[in-house]
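Examination of the molecular architecture
Residues per chain are reported as follows:
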Amino acid sequence: MQYAFGDYLLDIERIELSKAGAPVAVEPQVFEILAYLVRNQDRVVGSDELLDAIWKRRAVSPSALTSRINAARHAIGDTGAGQHLIKTVPRRGYRFTGGATAISAPRPPASGALHQEVLYCTSGNAVRIAYAKVGSGPPIVKTGNWLNHLEYDWESPVWSHLLRWLATGRQLIRYDARGNGLSDWDVQDLSFDAFVRDLESVVDATALDRFALFGASQGCAFSIAYAVKHPKRVSKLVLYGGFARGRRLRGTPVDVEQAEALTTLMRTGWGQQNPAFRQVFTSLFIPGATMEQMDWFNELQRKTTSPENAVRIRLVSDYMNVVDLLPLVTVPTLVLHCHDDAVQPFEEGRFLAANIPGARLVGLEGRNHLILATDPGWSKFQEEIGAFLAS
């Protein structure tokens, strides 16, 4: 079922909110609240009813509901002062007043177009993990990394070329790890082991017997841990822009100071509308990007996680260490790394390839940590991975 109001379309089954055809990033609980209010727009929905419907009798503070209502208003262009679409009824609850129209007819995808299906599974401690399937053919699983949003990435000029290429002639499965994107944000356990469990949960939910595994940046370490733990399920391992040792473990005192400075920037400026603080990270990750791509990446950072989670996830990355696992990798491995990567030095890619038995290292021209379609190494990236997966 879909609901249309103004320029917005709320797709209940696909868990999608869009405005004038463009996806609107929204956190899972916020989407659920908005969907619940829209479905019950003919009446006032009490606060206790919402808490019971969304949090399933878990103990949460009233402020948690208030913050989610505010986020729902923000997602559809409403405000607490205006209350044009979501009205607060004092001492009673909330009511959606946007006049949403139910649409039962399905939307067929364009002929030949790739359309991803967003689903949910449960990881440790009942954490809901959003994952997507798209394309057909031999399966390839992309591990979660810093940072992801299934819907926003799919349309982003920073990620879309890579994702659509991976899904061409293959079935691409990817997910938002806990704490970001469409997966649960409000989680207690944000640790390396928890992120590996998220990957395991997604693979189990898709019932894949054997598949290629693709890791980028931080996701390389999770991919390595999974491949060591489940070698019979991984047919090929592709690692791009990865590292075995976090910045605070491998770096000089100056590197550690810089890491601490970046963490401070996250705490103080991550959630602000002004992208000045997030631009620091954008300039590191994609220094060769266009202004449009930088704007998308600035927004990705703000929409995909909270300032608190950004810090917690960053610390997991800074203290990550899978050095002891490298000699235990037994699956065929391809390591790709840009020579002038501004986030993870080329030496980290060389270190991975030198310590994983039989791994092959491919150096790419370029300085962007996230490879773009305009990068000089993009063609070689496609050729090397395509040949490796087909061998």
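What counts and what doesn't
Residues numbered from 1 in each chain as written. Predicted model: local features only at pLDDT ≥ 70, side-chain atom pairs only at ≥ 80, totals over all residues. Heavy atoms only, no water. Salt bridge = Lys/Arg side-chain N within 4 Å of Asp/Glu carboxyl O. Helix = DSSP H or I, 4+ residues; strand = E, 2+ residues; numbered from the N terminus. Buried < 20%, exposed > 50% of the residue type's maximum accessible area, 1.4 Å probe, protein only. pLDDT = per-residue confidence, 0-100. Contact = heavy atoms within 4.5 Å. 1 Å grid on protein atoms, 1.4 Å probe; cavity = no way out; pocket = protein on both sides within 12 Å on 5 of 7 lines; lining within 4 Å. Points joined across faces, edges and corners; volume = space filled by probe spheres on them. Nonpolar A, V, L, I, M, F, W, Y, C, P; charged D, E, K, R; others polar. Core = buried A, V, L, I, M, F, W, Y, C linked by side-chain atoms within 4.5 Å. Phe/Tyr/Trp six-rings, centres within 6.5 Å; stacked < 30°, edge-to-face > 60°. Lys NZ or Arg CZ within 6 Å of the ring centre and 35° of its normal.

Another aspect to go through is the pattern of salt bridges. A complete count under the given rule lists 17 salt bridges for this structure. Two residues, arginine 178 and aspartate 198, come together in a salt bridge whose shortest N-O distance is 2.9 Å. Of this pair, arginine 178 sits in the loop between strand E11 (171–176) and helix H6 (192–206) while aspartate 198 is found in helix H6, placing the two residues 20 residues apart along the sequence. Each member of the pair, arginine 178 together with aspartate 198, is buried. If you follow the salt bridges from partner to partner, you end up with Arg248, Glu260, Arg314 and Asp318 in one network.

The pLDDT averaged across the protein works out to 89; a share of 95% of its residues lies at or above 70. The model gives residues 105–112 a pLDDT under 50, and that stretch makes seven contacts with residues more than four places away or in other chains.

According to the stated counting rule, one finds four cavities of 30 Å³ or more in the structure shown. One number sums up the size of the largest cavity: a volume of about 120 Å³. In this structure, the largest cavity is lined by 13 residues; those nearest its centre are Phe243, Arg314, Ser317, Val343 and Gln344. Every element with two or more residues in the lining of the largest cavity is listed here: helix H8 (247–250) and helix H12 (307–318). Among the elements that make up the lining of the largest cavity, the one with the highest residue count is H12 (three residues). For the lining of the largest cavity, the residue count by class is four nonpolar, five polar and four charged.

Okay, the nonpolar core next. Counting residues in hydrophobic clusters, the biggest one holds 88 residues, and the most contacted among them are Phe214, Tyr240, Leu336 and Phe381. Top element by residues in this core is helix H7 (residues 219–229). It accounts for seven residues. Leucine 336 has contacts with Val238, Leu239, Tyr240, Gly241, Val362, Leu364, Phe381, Glu384 and Ile385, leaving out every residue within four places of it along the chain. In this structure, Phe31, Leu51, Ala53 and Ile76 belong to the second largest nonpolar core, which totals 33 residues.

On to the packing of aromatic side chains, then. Counted under the stated rule, the structure contains twelve aromatic pairs. Note on tryptophan 165 and tryptophan 378: the rings are 6.1 Å apart at their centroids and 70 degrees apart in plane angle, and the pair reads as edge-to-face. Placement of the pair is tryptophan 165 in helix H5 (residues 160–166) and tryptophan 378 in helix H14 (residues 378–390), with a sequence separation of 213 residues. Take tryptophan 165: its relative accessible area is 16%, and that puts it in the buried class. When the centroid spacing of 5.5 Å and the interplanar angle of 20 degrees are considered together, the rings of tryptophan 378 and phenylalanine 381 count as stacked. With tryptophan 378 and phenylalanine 381 both in helix H14 and three residues apart, the pair spans about one turn of that helix. Neither residue differs from the other here; tryptophan 378 and phenylalanine 381 are each classed as buried. Through pairs of rings, three or more aromatic residues link up here, namely Trp165, Phe214, Tyr240, Trp378 and Phe381. Cation over ring: lysine 142 sits above tryptophan 159, and NZ or CZ is 4.9 Å from the ring centre.

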